[in-house]
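Remarks on the overall topology
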Amino acid sequence: SGPRGVADVCRRRADLIRRRFPKTIRRNAGYGLDLVLQQLDRGVPDEDLDLSGLICGSEGTLAVVVGAKLKLVSAPKATALAIASFASLDAAMDAVNPILTTGPSAVELLDDVVLRAARGNEACRPYVDLLPRPAGGAEPAAVLYVEYQADAPDAVEAALSHLTATLPGVSVHCYRDTPAMLKAWTLRKAGEPLLHGLPGKRKPQTFVEDNAVPVELLPEFVRRFREIVTRHGTRAAYWAHASVGVLHVRPMLDLHDPADLARMRAIAVEVADLARDCGGVMSGEHGDGRVRGPLLERFFGSELVAAFAEVKRLFDPAGMLNPGNIVGAGPVASITDHLRAADRAGPDREGANGAEDRAVAASPRLPLDTYFDYADQDDFGHAVEQCNGAGFCRKTAGGTMCPSYRATLDERHSTRGRGNALREAIRGELSIDGRPRWDDPDTHATLDLCLSCKACKTECPSNVDVARLKAEYLAQSWRQRGKPPLRARVFGHVRTLNRLGAMTPRLANFASSLAPVRAVLNRVLNLAPRRTLPPFAPSLHQWFARRARGGGVEDPRLPRPTVVLYGDCFTSYNDPHVGRASVEVLEALGYAVALPPVACCGRAMISTGLLAGAIASADRALATLLPYADDPHVRAIVVAEPSCLSAIKDDWLQLKLRTPIDARRRVAAKSYLVEEFVDRFWDAHPTRPAPAAGAPPVVLHGHCHQKALWGDDTSANLLRRLTGGNVTVLPSGCCGMAGSFGYAADKYDVSMAIGELSVFPPVRAAAADALICAPGTSCRHQINDGTGRVALHPIELAARLLRPPSQSLTPPPRALR
C-alpha cells in the first residue's frame, strides 16, 4: 500500500508541487515527492514506483534502509585542477557563472573566514601559503577551486586555457599531476572543521548550512545573505559547492548567549525566506533536521506539510522513526529547543528535559582552576567544545591520528569519541547538578587508550588537543580524590626511578630480571609480562664529570661557542650512549659542551596527570636553562629525546608556570633536537663537518611528538646529508609504545597492534644491511620488542659517520632484556 498511497498523495498535490518547486531545483526539494510525480507523469504503474528518492530525502523518518544497489560510473581518464584567487567574496561569486561556461566538473569556494582559520592551523598553514595571490599581492579573500575531467589530457588542457582566458587579470594556479592536486584539495576538504578552531566565543553554527539556489542567482543570494548577518551584528563563513548553487554558510554565534539565540532564530527565518525568493530551497544537501524543521510550514505552506504528514502515516503509522523531524517539528520559536545541553543559554533552554535542563543551565560556565592555560583556544570552555564531529580522526591511512582507533576501529577510542566523552563529563552533562564529573569511570576508560601522541593537535583541522585535555582531566581527578594512584606516581616520576637504578645499574638490572621480582612488579604496576624492561646504565652525568676531571672535555667557560645538552630522563640513565654520541658530534663540530644538572622536563608527569609536579619541575628546569638561553655565547640547547623537547617547546608554553611566558619562549626558541641543530646550522659550525664515505642505507621512523609539532625532517635531513640521500622515511603512524602506555598489561595487545599497522612490517622488510633509526627511546624499545632489530638514535649514526670508526666514542647500544 505504500507506493499506491504515495502515488495518491502526489496526484492530489501535483499542481501544488509543480507550482511550489521551480524545475531547476525540484530535485533538492519536497523530500522526493517530485521524483514520484515525475514517474507518474511517465506512466509508471503505482506498484512499480521507485521510492528510493523519497526514502533518501526523508531523513530517516519513513523507513530503515538495510541494503542499497549502487550505480557506478567510470573514473575520468584525465583530471586537472585550477585555483583562482580573488580580492573579495563578491568578486569570486561574480566569476562563478563565467567559469561554468568552460565546462568544469566542480567549482568549490573558500572565503576569507575559512582561509583565516587555516592560517591558524599548523597542518593547513602551508597549503594557504601555496595559494595564488590576487592582483596587488594581498592575501586572497576568496578562492575558487575549479576542477576539469575528461577522457583525454588535451581536453583538460584546453579547458584550463579557456578558464584563464575567461578570467583576465585573475591570478590562477593550475595543477595536473595527482599528488599536487591531492595536496591542493587538502585545504578545501578541511574547510568545515577548520572553522571550529577560530578564537572567540562565537562559533560557526549550522542552522542555515546548505541553501540551494539557481546558480545564476548565487551572487545575489550571497550579497543579500551577508546583509542579513551584518544587520544582526555578526558575520558568516561561506564555502563549498558554488557550481551547483549550494553553499555552506555558517553564521558566527555564541549559543550560550540568549541574545545570540534570538539572532539565530531571526536569521533562520530571514534566510529561509531569502532562499525561497531566489527560487531555491533552505536545505539542498544535508537535510532540515530539528533546527530547520520548524520552518517547513512557512517555507512549503500548510498543504504540502500536510502531504508530508500523509506520507509519514503511510510508512510509519506509530510515529517511531525520528519523531519531530519534518513532520511535527513544532513552531518557529522552537528552533533553539533541541540544542545539546552544553550549548544552550539559560533562559532559552527549556525543552524536553525540563527542570534538569534548567538546573544545568544555571551552572556557571566552567569556573575552574586549571593547570593549563587555554588562552590559545580562547578558554577552557572552548577547548572542551572544540570537537565538531567531522571525524578526520577516523582516517586509517596517512598521518598519525588516531593510533588506538586505527588498532581497534572503535569509535569510542577515536579523537572524536574522547572529545565527546570529555565534553559530557566536564560540561556537567553526566550529572544532575551540572557540575563536572572528574570521577566518571566511563570517561576514564575512554581516555585510557589515548597515547597522548599529540597528533590531533595538528592533524585535526579543529585543533582538538586531546592530550592536553586528558592530562587536565586526570589532574583534576587526582585533585578531587586526594592523591593519584600508585601507578601514575611511579611512571610519572620515572626520572627518580631511572636515577636510582643508574646508581647501581648491574644490581638493578639483575634484580629486575629475576622472575619473582618481575612478577611482583607486574602485579603492583600492572606490567605486561611479555614486555621487556629498559636496562639501567651508568649515568651520563657521571661519565661527563669523569671526562672533565680527566681533562677529556674543554672548560665551557673558555671563549668557544657552547652548546648545552639537556640530560633527559632516558638519555641520562637508560641510553647514555646517545648522550655520549651527542657530545662527540658537537665537540667534533668545534663546540664546548655543557651538561648542567637540569630538573625533569615533566613529560612523564604530564602524561600521567601529575600536573602540579610537572609545573614545579618545569620551573626548576627553566631556572637552570634561562641563563644559557640569554647567553649569546651559547648557540643552542639541544635535546636527544623528542618527547622532552615537545615539553619544552609546547607544554611549557601552555602550563601555568611561575616562570614568565617571555622567558619560556626564549628557552623554547633556542632549543632543538640535537640532530636538527647539526643539520640546520651545517654551514655555520666552528669546525666544518666532514662525513665519512660509504654510508649504509637508513630506515627512519619519526617520533609522534616530532611529527606532530615539527615534522620528521628534523631528523631525516641530517641523515640525508650523511648518507647522500640514502634514507627511507617510513610513512608510519605511532609505534604504539608511547612512554608508559605500552608497558601496561591491559594495553599490551593494543600497543603491539598499533606497531603492526605501519612500523613493524617495513622494519622487518628492511634490508639486512640497512640501519634502523628512531629518535624516540620508546620507539626504539618498541621496534626491538616487535621486530628484534636494534634501532639507533640518528645522532649515533652521525657520530659514526663524522669520525673514523677507530676514533668513535660510542659503543653500540645493548639489546633490551
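The rules behind the values
- Residues numbered from 1 in each chain as written.
- Predicted model: local features only at pLDDT ≥ 70, side-chain atom pairs only at ≥ 80, totals over all residues.
- Heavy atoms only, no water.
- Helix = DSSP H or I, 4+ residues; strand = E, 2+ residues; numbered from the N terminus.
- Rg over C-alpha atoms; globule rule 2.2 N^0.38 Å.
- Buried < 20%, exposed > 50% of the residue type's maximum accessible area, 1.4 Å probe, protein only.
- Contact = heavy atoms within 4.5 Å.
- Areas by Shrake-Rupley, 256 points an atom, 1.4 Å probe, with all protein chains shown as cover.
- Pairing = 2+ DSSP bridges.
- Axes fitted to C-alpha atoms, helices over the stretch in contact; angles between N-to-C directions.
- pLDDT = per-residue confidence, 0-100.
- Phe/Tyr/Trp six-rings, centres within 6.5 Å; stacked < 30°, edge-to-face > 60°.
- Core = buried A, V, L, I, M, F, W, Y, C linked by side-chain atoms within 4.5 Å.
- Expected span 1.5 Å × (residues − 1).
- Arc of directions from axis to C-beta.
- Salt bridge = Lys/Arg side-chain N within 4 Å of Asp/Glu carboxyl O.
- Lys, Arg positive; Asp, Glu negative; His and termini not counted.
- Polar contact = N/O pair within 3.5 Å; in protein donor to acceptor, adjacent residues only side chain to side chain.

Observations regarding the overall build of the chain
- Per the secondary structure count, the chain includes 40 helices and 15 strands.
- At 31 Å, the chain has a C-alpha radius of gyration in line with the 28 Å of a compact globule built from 817 residues.
- Taken along the three principal axes of its C-alpha coordinates, the chain extends 100 × 65 × 50 Å.
- Buried residues in the chain amount to 56% of all 817 residues.
- In the chain, the proportion of contacts linking residues at least 24 apart, taken out of those at least 6 apart, comes to 75%.
- Element-wise, carbon and sulfur atoms account for 54% of the exposed surface of the chain, whose accessible area totals about 33,300 Å².

Some details on the sheet that holds strand 11 (residues 671-673)
- A sheet is described by the order of its strands in space; here four strands give the open sequence 9-8-10-11, paired in parallel fashion. Edge strands, defined here as strands with exactly one partner in the open sheet, are strand 9 (592-594) and strand 11. The mean inter-strand angle of the sheet, taken between neighbouring strand axes irrespective of direction, is 35°.

Observations concerning the confidence of the model for the chain
- In the predicted model, the chain carries a mean pLDDT of 88, and 92% of its residues have values of at least 70.
- Of all secondary-structure elements in the chain, the lowest mean pLDDT belongs to helix 16 (residues 355-362), at 32, while strand 11 reaches the highest, 98.
- Across residues 346-365, where pLDDT falls below 50, the model places 31 contacts with residues more than four positions away in sequence or in other chains.
- Taken as a whole, residues 804-817 scores under 50 in pLDDT and shows 35 contacts with residues more than four places along the chain or in a different chain.

Looking at the packing of aromatic side chains
- Tallying each qualifying case throughout the model produces 14 aromatic pairs.
- When the centroid spacing of 5.2 Å and the interplanar angle of 25° are considered together, the rings of Tyr145 and Trp185 count as stacked. Remark: Trp185 occurs in helix 9 (residues 178-189) and Tyr145 occurs in strand 3 (residues 142-150); sequence separation between them is 40 residues. The two residues Tyr145 and Trp185 agree in class, both being buried.
- Ring centres of Phe299 and Phe300 lie 5.0 Å apart, and the angle between their planes is 80°; this geometry places the pair in the edge-to-face category. In this structure, Phe299 and Phe300 share a single accessibility class: buried.
- Feature note: the residues Tyr591, Tyr672, Phe677 and Phe681 constitute an aromatic cluster, connected by ring pairs.

Some remarks on unusual backbone geometry
- Following Met401, the chain continues to Cys402 via a peptide bond in cis, the omega torsion being -10°.
- Mapped onto the elements, Cys402 comes out in the loop between helix 17 (380-384) and helix 18 (403-408).
- With phi around 100°, Ala240 is a residue other than glycine that occupies positive phi space.
- Within the secondary structure layout, Ala240 lies in strand 6 (residues 236-241).
- With phi around 45°, Asn322 is a residue other than glycine that occupies positive phi space.
- Mapped onto the fold, Asn322 is located in the loop between helix 15 (302-315) and helix 16.

Concerning the nonpolar core
- Of all hydrophobic cores here, the largest spans 82 residues; its most connected members are Leu109, Leu144, Leu218, Phe221, Phe225 and Tyr238.
- Counting residues per element, this core draws most heavily on helix 12 (residues 258-277), which supplies nine residues.

Considerations on the sheet that holds strand 14 (residues 771-773)
- The strand order 13-12-14-15 describes an open sheet built from four strands, whose pairing is parallel. Each edge of the open sheet carries a strand with a single partner, namely strand 13 (727-729) and strand 15 (791-792).
- Across two bridges, strand 14 lies against strand 15 in parallel orientation. Pairing of Ile772 across the sheet is with Ala791, part of strand 15.
- Running at roughly 135° to strand 14, helix 40 (residues 794-801) makes contact with strand 12 (698-700), strand 14 and strand 15 of the sheet.

What about helix 8 (residues 153-166)?
- Along its 14 residues, helix 8 runs 20 Å from first to last C-alpha, staying within 8% of the 20 Å computed at 1.5 Å per residue.
- Inspection of helix 8 places Val156, Ala159, Leu160 and Leu163 among the buried residues, and these make up the whole buried set. The arc that holds every buried residue of helix 8, seen down its axis, measures 100°, which confines them to one face. Opposite the packed face of helix 8, turned more than 90 degrees from it, sit the exposed residues Asp154 and Ala165.
- Where helix 8 is buried, its residues touch strand 1 (78-86), helix 5 (89-100), strand 3 and strand 4 (171-175).

Points about the pattern of salt bridges
- Using the criterion set out here, one finds 51 salt bridges in the structure.
- Across the salt bridge formed by Glu270 and Arg231, the nearest N and O atoms sit 2.9 Å from each other. Taken together, the residues span a long stretch of sequence, with Glu270 in helix 12 and Arg231 in helix 11 (residues 218-231) at a distance of 39 residues.
- Residue Arg231 is classed as exposed on the basis of its relative accessible area, which comes to 54%.
- The salt bridge involving Asp575 is made with Arg780; its shortest N-O contact spans 3.1 Å. In this pair, Asp575 is assigned in the loop between helix 28 (569-573) and helix 29 (576-588) and Arg780 in helix 39 (residues 777-787), connecting sequence segments 205 residues apart.
- Among the residues examined, Asp575 registers a relative accessible area of 13% and is labelled buried.
- Judged by relative accessible area, Arg780 falls into the buried class, the value being 9%.

Observations regarding the side chain of Arg406
- Its place among the elements puts Arg406 in helix 18.
- Buried within the structure, Arg406 lacks any salt-bridge partner; its nearest side chain of opposite charge belongs to Glu459, at an N-O separation of 5.0 Å.
- In this structure the side chain of Arg406 is engaged in a polar contact, spanning 3.3 Å, whose partner is the backbone oxygen of Lys395.
- One polar contact links the side chain of Arg406 to the main-chain carbonyl oxygen of Met401, over a distance of 2.9 Å.
- Apart from the residues within four sequence positions on either side, Arg406 is in contact with Lys395, Thr396, Ala397, Gly398, Gly399, Thr400, Met401 and Leu757.

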